[in-house]
Amino acid sequence: MLFGAGNLIFPVHLGQMAGGHWFTASSGFLISGVLIPLMALLAISITHSNGIYDLARPNGHWYALIFLILIHATLGPLFATPRTATVPYTIGIAPHLSANNNTIGLLIYSAIFFGLTYYFATRQGRITTLIGKLLNPAFLLLLFCIFLLAFIHPMGKAGSTAATTAYLQNAFTNGFLQGYNTMDGLASLAFGITVITAIRSFGLKKQSSIALATAKSSLFRL
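Residues numbered from 1 in each chain as written. Predicted model: local features only at pLDDT ≥ 70, side-chain atom pairs only at ≥ 80, totals over all residues. Heavy atoms only, no water.

Participant: Would you take a moment to explain the side chain of Gln178 for this structure?
Facilitator: Assignment of secondary structure puts Gln178 in helix α9 (residues 171-180). In contact with Gln178, not counting residues within four places along its chain, are Phe10, His13, Leu14, Met17, Phe29 and Tyr167. (Helix = DSSP H or I, 4+ residues; strand = E, 2+ residues; numbered from the N terminus. Contact = heavy atoms within 4.5 Å.)

Participant: Which parts of the structure should I look at to understand a nonpolar patch on the surface?
Facilitator: Together, Phe3, Leu8, Ile9, Ile91, Phe139, Leu140, Ile146, Phe147 and Phe151 give the surface a local cluster of nonpolar side chains, amounting to about 880 Å² of exposed area. Secondary-structure elements contributing two or more residues to the nonpolar patch are α1 (5-18) and α7 (124-152). Tracing the sequence through the fold places Ile91 in helix α5 (residues 80-92). (Patch = residues over 30% accessible without salt bridge, like charges linked within 9 Å, V, L, I, M, F, W, Y side chains within 5 Å. Areas by Shrake-Rupley, 256 points an atom, 1.4 Å probe, with all protein chains shown as cover. Salt bridge = Lys/Arg side-chain N within 4 Å of Asp/Glu carboxyl O.)

Participant: I tried to follow the nonpolar core on my own but got confused; where do I start?
Facilitator: Most often, soluble globular proteins have nonpolar side chains that are buried together. Core analysis: the biggest nonpolar cluster contains eleven residues, these being Leu2, Ala40, Ile52, Ile71, Leu75, Ala80, Met183, Leu186, Ala187, Leu189 and Ala190. Those elements that provide at least two residues to this core are α4 (61-78) and α10 (184-200). Counting residues per element, this core draws most heavily on α10, at four residues. Once you skip the residues sitting within four places of it in the chain, Ala190 turns out to touch Ile52, His72 and Leu75. By size, the runner-up hydrophobic cluster in this structure holds nine residues, among which are Phe10, Leu14, Tyr167 and Ala171. (Core = buried A, V, L, I, M, F, W, Y, C linked by side-chain atoms within 4.5 Å. Buried < 20%, exposed > 50% of the residue type's maximum accessible area, 1.4 Å probe, protein only.)

Participant: Is there a simple way to explain the side chain of Ser188 in this structure?
Facilitator: Counting through the fold element by element, Ser188 comes out in helix α10. Among all residues touching Ser188, those that are not within four sequence positions of it are Leu2, Pro37, Ala40, Leu41 and Ile44.

Participant: Help me out: how do you make sense of the packing of aromatic side chains in this one?
Facilitator: Two numbers describe a pair of aromatic rings. These are the distance of the centres and the angle of the planes. Under the definition given, this model contains five aromatic pairs. For the ring pair Tyr89 and Tyr109, a centre distance of 5.7 Å and an interplane angle of 50° mean the geometry is tilted. Pair noted here: Tyr89 is in helix α5 and Tyr109 is in helix α6 (residues 102-121), with a separation of 20 residues, a long-range link. Geometrically, the ring pair formed by Tyr109 and Phe113 is stacked, given 6.0 Å between the ring centres and 20° between the ring planes. In this pair, Tyr109 and Phe113 are both assigned in helix α6, four residues apart and thus about one turn of the helix distant. (Phe/Tyr/Trp six-rings, centres within 6.5 Å; stacked < 30°, edge-to-face > 60°.)

So this is what it looks like as structure tokens:
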């Protein structure tokens, strides 16, 4: 649920820009792109929250409501949702079309993409089956092939690649921002209750056991 286009593209782009400073930049990326989302999941588990509103409710009703709206707006129409269509279009289709046709091409692609998304979203029972049994194994297999090819035929040596100006002095900060741009920190707050509910379905009742299971499962993400 959390592994999206940003997780696949940003680390590669980060390595290209950071060059020899890749370790420092990666450290910042891992904190904002992995550790903070994990902490968000644990926060929902430990506080017995049923979602973002419950988590923020101790700060006041209006704060919790505004916080809920802003997060879902960010993950929805403002940033993350449009990116789910524009990224695959830019990578897979745009290079095969002329610049003049890309606007109408993106419009048609987005209509088809979000039409299919809506169709499957209204059939939630099937989504879980498709993601768990079909899409995830296929995705992991393709991802393994990409990594294998990258190790066999690397584009260059990370230690000797020149870093861009932004990463010469602020590698950690820029890496941190790249990790934040995956939006997993926000997504974990929105998806957290789904993850916790899935863990509870395995028969775990105690909050301490649920939090521990959440932490263990997150090791795969690390």
